[in-house]
Amino acid sequence: MPNDFLSITSVPPSGEPPKPPLSSRKIFGQFVFLVLVLLSAGIGVMAGLVFVYSSDLPKVRELEDYRPDVMTELYADDGSQIGTFALEHRVIVTYSQIPPVLRNAVISIEDRHFESHWGIDVLRIVRAGITDILEWRKAQGASTLTQQLSRKMFLTPQKSFRRKIQEALLAIQIERHFTKSQIFTMYANTVDLGHGNFGFEAASQFFFAKRLGQLTLPEAATLAGLPRSPTAYSPILHPESSKRRRDQVLAAMLDNGKISREQYLQAVAAPLDVNVQRWNYTIAPYFIDDVRQFLERKYGTEAVHEQGLRVYTTLNVKLQKIAEHALREGLREDDQRRGWRGPETNILKRPVKGPDDKPYTLETYVNSDWRKPFEADEFVHGLVMQVKPDYALVR
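Below you will find a few notes about this structure. (Residues numbered from 1 in each chain as written. Predicted model: local features only at pLDDT ≥ 70, side-chain atom pairs only at ≥ 80, totals over all residues. Heavy atoms only, no water.)

Some points on the packing of aromatic side chains
One pass over the structure, following the stated rule, counts 7 aromatic pairs. Measuring from centroid to centroid gives 5.1 Å for tyrosine 75 and tyrosine 312, while their planes differ by 15°, and the two rings are stacked. Of the two residues, tyrosine 75 sits in strand E1 (residues 72-75) while tyrosine 312 sits in strand E3 (residues 310-312), which places them 237 residues apart along the sequence. Judged by its relative accessible area of 14%, tyrosine 75 falls in the buried class. Overall, the relative accessible area of 60% leaves tyrosine 312 in the exposed class. On the numbers, 6.5 Å between centres and 45° between planes, the contact of phenylalanine 184 with tyrosine 187 is tilted. (Phe/Tyr/Trp six-rings, centres within 6.5 Å; stacked < 30°, edge-to-face > 60°. Helix = DSSP H or I, 4+ residues; strand = E, 2+ residues; numbered from the N terminus. Buried < 20%, exposed > 50% of the residue type's maximum accessible area, 1.4 Å probe, protein only.)

Here is the structure:
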């Protein structure tokens, strides 16, 4: 038979699938090519954005010379503290002064992979993104402690795509120049924890009247829950929300293997037990204010409120208390000699409005005296509810 009419068909060996038609292989090749082009374009766009957004980034080495504002502290002649001046209440601590229970609590709730990531947590970002898409809202945050530090030190809290990229780039730079212990210490000394307190040491003294090393597990968990929203989770303003947030921190510590099941159950059963130690001392307020004015004239307002001076005065606390007691007793005796002069006000005849701009009633009235604990030898305002021949009922 002539070769022009010869037709040969190859038969694949048994067990091997036949090769796909030429058209299918061509489509697959075009698809792969398209994917590669899109990936290249995406990488190019990201590289361009990184270049643009990194061109005006601050130098993270500035953190080496960073000195946060700290409180000026006043001391009496016996060394006891009698007052402070500050724009931000802050007490600086070193890494070794931060107890493991607080470090574990903060890391468990804020950045579980802090010890291993390089500034950003890719897996956490992906997981948060998936959750946001499924719930169709911003349900989870994905910022690491390092990103939070970079935002606090160099950026603004304004939410934008540009800021998030800059935040991530700065976090990577910070991780390159500082150790994990240095990063955590800077974070622990600068984080806003509400009521004018910055840093965990100041917050510990304010909320619990304790140094960091004295914190219990529930107390440490309460503080660790504050950075997310110092106002919403304030144990003073919103104790129920604060306790729920504390229990979330404890659950995260349990899940992270930082506490046992028994420790978790004991901690969640504990009350908040807040013991507020306010910074506005009541000892010799006029004397303290006179010292402040003297310091501002001599050293300037910035030095007094930001640079953490240690001021030792000649005030004798014992004699000061004796003098104040004698003055109060003298005023009290003088008031008694003048006799009863009638009520200060009548809230029914002259309505007093509350925070909601509505007039108080006998049942809803609240006096500012009642917002603080009563102490011996103090006078507080009372509201007369009823008057009977043999007694009066007073709130």
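Resuming the write-up.
Things to note about the pattern of salt bridges
Close approach of charged atoms allows side chains with opposite charge to pair. Using the criterion set out here, one finds 16 salt bridges in the structure. Residue lysine 243 is joined to aspartate 247 by a salt bridge in which the shortest nitrogen-to-oxygen separation is 3.4 Å. Linking lysine 243 with aspartate 247, this pair stays in helix H9 (residues 239-255), spanning 4 residues, or about one helical turn. Lysine 243 sits in the partly exposed class, given a relative accessible area of 29%. For aspartate 247, the salt bridge is made with arginine 246, and the minimal N-O distance between the two is 3.2 Å. Pair check on accessibility: aspartate 247 and arginine 246 agree, each one buried. Among the charged side chains, a salt-bridge network with shared partners connects Lys243, Arg246 and Asp247. (Salt bridge = Lys/Arg side-chain N within 4 Å of Asp/Glu carboxyl O.)

As for the pairing of E1
Look at any regular strand and the pattern is simple: side chains alternate between the two faces of the sheet. Burial of E1 is two-sided: the residues Thr72 and Leu74 facing one way and the residues Glu73 and Tyr75 facing the other way are all buried. Where E1 meets strand E2 (residues 81-85), 4 bridges bridge the pair, whose relative direction is antiparallel. The residue of E2 that forms the bridge with tyrosine 75 is glutamine 81. Hairpin connection from E1 to E2: 5 residues lie between these consecutive antiparallel strands, with glycine 79 at a positive phi of about 90°. (Pairing = 2+ DSSP bridges.)

Some details on unusual backbone geometry
With phi around 55°, alanine 209 is a residue other than glycine that occupies positive phi space. Structurally, alanine 209 can be placed in the loop between helix H7 (200-208) and helix H8 (217-224). Judged by relative accessible area, which is 38%, alanine 209 ranks as partly exposed. Positive phi, normally seen in glycine, also occurs at aspartate 273, with a value near 55°. Its place among the elements puts aspartate 273 in the loop between helix H10 (261-269) and helix H11 (285-299). A residue is classified by how much of its surface remains accessible, and aspartate 273, at 57% relative accessible area, is exposed.

Here we look at the sheet that holds E1
Read from one edge to the other, the open sheet built from 3 strands follows the order E2-E1-E3, with strand pairing classed as mixed. Among the strands making up the open sheet, the edge pair consists of E2 and E3. For this sheet, the mean angle separating the axes of adjacent strands, direction not counted, is 20°. Examined bridge by bridge, E1 and E3 share 3 bridges and lie parallel to one another. From the neighbouring strand, tyrosine 75 faces E3, where its bridge partner is tyrosine 312. Seen against the sheet, H11 touches E1, E2 and E3 and runs at an angle of roughly 45° to E2. (Axes fitted to C-alpha atoms, helices over the stretch in contact; angles between N-to-C directions. Contact = heavy atoms within 4.5 Å.)

Regarding the packing of H7 against H8
The contact between H7 and H8 brings their axes to 11 Å, and the two run at 120°. In terms of axis orientation, H7 runs oblique to H8. Where H7 crosses over H8, the handedness of that crossing is right-handed. Only Glu219, Thr222, Leu223 and Ala224 of H8 make contact with H7, whose side of the interface consists of Phe200, Ala203, Ser204, Phe207 and Phe208. Its residues placed into classes, the contact of H7 with H8 shows 6 nonpolar, 2 polar and 1 charged. (Parallel < 35°, antiparallel > 145°, perpendicular 65-115°, else oblique. Left-handed = near helix turned anticlockwise from the far one by under 90°. Nonpolar A, V, L, I, M, F, W, Y, C, P; charged D, E, K, R; others polar.)

A closer look at helix H6 (residues 180-190)
Across the 11 residues of H6, 9 count as buried, placing the element largely inside the fold. Within H6, the full set of buried residues consists of Lys180, Ile183, Phe184, Thr185, Met186, Tyr187, Ala188, Asn189 and Thr190.

Things to note about the nonpolar core
Among the nonpolar cores identified, the biggest contains 50 residues, and Leu102, Val106, Phe184, Phe200, Leu223 and Leu250 are the most heavily contacted of them. Listed by contribution, the elements that provide at least two residues to this core are helix H2 (100-110), helix H4 (145-154), helix H5 (161-177), H6, H7, H8, H9 and H10. Broken down by element, this core gets its largest block of residues, 6 residues, from H7. Residues within four places of phenylalanine 184 in sequence aside, it is in contact with Tyr95, Ile98, Arg103, Val106, Ile107, Phe114 and Leu145. Residues Leu74, Ala284, Leu295 and Leu315 belong to the second largest nonpolar core, which totals 12 residues. (Core = buried A, V, L, I, M, F, W, Y, C linked by side-chain atoms within 4.5 Å.)

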